[in-house]
Amino acid sequence: MNTAVLPSALWQENADKPCDTGTPLPLISQEFPQYDFSPVDPSFPDKTTNGAQNPYAFTRKAIVERGQRALRELYTRKEKVIAVVSHSGFLRTAVCHRMFFNADWRVFEWDEEAMRKEGTCILKEREETEVKGGGMGRSDVGVFGIVEGDFPPEEQAAGGERVAGEATGEKPSV
């Protein structure tokens, strides 16, 4: 049985708080020399928006797109069973719309029918973990979408005032 560990920047947590931002690659490579971090995007753990399109930015658009990219990468793998270690916020908002208590786990399959209809990667939870709220039975049961407060505001507030942290799309004058 192949038990390869494949580090990926795609599965990191959403927020840009210090507790939700990864360790720079040179440091994490030293801390865990048994793993190959060379395939990890060298921009990891940058989550800034800085006007550029950062796939790891703490924005709704970037996180939802990153979730689809992560799922597409899993879908194209040849293995039949894959374990993913990630973070509850990212899993709920961008991957499977389920709640995860710390260290809980769930079993999913590809929802091929829904994927054909929607044109996106969609998971369906297997009954064995869905009915009891995860493998340990400690997570909330049900499907949970994105809720107010999951992401910082991305649109201008009414009246044209600027929302803190918002990119305006303006070009700086020279």
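Analysis parameters
Residues numbered from 1 in each chain as written. Predicted model: local features only at pLDDT ≥ 70, side-chain atom pairs only at ≥ 80, totals over all residues. Heavy atoms only, no water. Helix = DSSP H or I, 4+ residues; strand = E, 2+ residues; numbered from the N terminus. Buried < 20%, exposed > 50% of the residue type's maximum accessible area, 1.4 Å probe, protein only. Contact = heavy atoms within 4.5 Å. Areas by Shrake-Rupley, 256 points an atom, 1.4 Å probe, with all protein chains shown as cover. Core = buried A, V, L, I, M, F, W, Y, C linked by side-chain atoms within 4.5 Å. 1 Å grid on protein atoms, 1.4 Å probe; cavity = no way out; pocket = protein on both sides within 12 Å on 5 of 7 lines; lining within 4 Å. Points joined across faces, edges and corners; volume = space filled by probe spheres on them. Nonpolar A, V, L, I, M, F, W, Y, C, P; charged D, E, K, R; others polar. Salt bridge = Lys/Arg side-chain N within 4 Å of Asp/Glu carboxyl O. Polar contact = N/O pair within 3.5 Å; in protein donor to acceptor, adjacent residues only side chain to side chain. Axes fitted to C-alpha atoms, helices over the stretch in contact; angles between N-to-C directions. Parallel < 35°, antiparallel > 145°, perpendicular 65-115°, else oblique. Phe/Tyr/Trp six-rings, centres within 6.5 Å; stacked < 30°, edge-to-face > 60°. Lys NZ or Arg CZ within 6 Å of the ring centre and 35° of its normal.

Caption draft 1: Structural detail: the overall build of the protein. Secondary structure summary: the protein contains five helices and two strands in total. Start at the N end of the protein and walk to the C end: the helices and strands fall as α-α-α-β-α-β-α. Residues classed as buried in the protein amount to 32% of the 174 residues present. For the protein, the share of sequence-separated contacts (at least 6 apart) that also reach a separation of at least 24 residues comes to 59%. Surface accessibility of the protein: about 11,800 Å² in total, with carbon and sulfur atoms responsible for 53%.

Caption draft 2: Examining the nonpolar core more closely. Counting residues in each nonpolar core, the largest one holds 25 residues, and the members touching the most others are Trp11 and Val95. Sequence-distant contacts of tryptophan 11, defined by excluding residues within four places in its chain, comprise Arg66, Ala70, Leu74, Val84, Val85, Ser86, His87, Phe90, Leu91 and Val95.

Caption draft 3: Broad picture of the layout of surface pockets. Taken as a whole, the largest pocket spans an internal volume of roughly 1,400 Å³. Forming the walls of the largest pocket are 41 residues, and the residues nearest its centre are Val5, Leu6, Pro7, Ser8 and Trp11. For the lining of the largest pocket, the leading source of residues is helix H2 (residues 60-75), giving four residues. Reported here for the second largest pocket is a volume of approximately 970 Å³. Contributing to the lining of the second largest pocket are 32 residues, with Ile82, Ala83, Val84, Arg106 and Phe108 lying nearest its centre. For the lining of the second largest pocket, the secondary-structure elements that each account for two or more residues are H2, helix H3 (88-95) and strand S1 (108-110). Looking at side-chain class alone, the lining of the second largest pocket contains 20 nonpolar, four polar and eight charged residues.

Caption draft 4: The arrangement of the pattern of salt bridges in detail. Under the criterion given, the structure shown has 10 salt bridges. Glutamate 130 serves as the salt-bridge partner of arginine 98, at 3.9 Å between the closest nitrogen and oxygen. Linking arginine 98 in the loop between H3 and S1 with glutamate 130 in helix H5 (residues 127-130), this pair joins segments that are 32 residues apart in sequence. For arginine 98, a relative accessible area of 7% puts it in the buried group. The partly exposed category is assigned to glutamate 130, whose relative accessible area is 31%. Lysine 117 is the salt-bridge partner of glutamate 113, the closest N and O atoms lying 3.4 Å from each other. Placement of both glutamate 113 and lysine 117 in helix H4 (residues 112-118) is noted, with a separation of four residues, approximately one turn of the helix. Residue classification places glutamate 113 among the partly exposed positions, given a relative accessible area of 48%. It is possible to trace a salt-bridge network through shared partners that takes in Arg98, Arg106, Glu125 and Glu130.

Caption draft 5: Representation of the side chain of serine 86 in the model. Tracing the backbone shows serine 86 in the loop between H2 and H3. There is a polar contact of 2.6 Å between the side chain of serine 86 and the backbone oxygen of tryptophan 11. In this structure, serine 86 is in contact with Trp11 and Leu91, ignoring residues within four places of it in sequence.

Caption draft 6: The packing of H2 against H3, seen in detail. Following both chains from N to C, one finds H2 and H3 inclined at 90°, their axes separated by 8 Å at the closest point. In terms of axis orientation, H2 runs roughly perpendicular to H3. Contacts from Ile63, Val64, Arg66, Gly67, Gln68 and Leu71 in H2 reach Phe90, Thr93, Ala94 and Val95 in H3. Of the residues assigned to the contact of H2 with H3, the class counts are six nonpolar, three polar and one charged.

Caption draft 7: Spatial organisation of the packing of aromatic side chains. Evaluation of the coordinates by the stated rule reveals four aromatic pairs. On the numbers, 5.0 Å between centres and 85° between planes, the contact of tyrosine 75 with tryptophan 110 is edge-to-face. You can see tyrosine 75 sitting in helix H2 and its partner tryptophan 110 sitting in strand S1, a full 35 residues away along the chain. On the basis of relative accessibility, which here comes to 34%, the residue tyrosine 75 falls in the partly exposed class. You can call tryptophan 110 partly exposed: its relative accessible area is 23%. One Lys or Arg, arginine 106, reaches over the ring of phenylalanine 100 and ends 5.3 Å from the middle of that ring.

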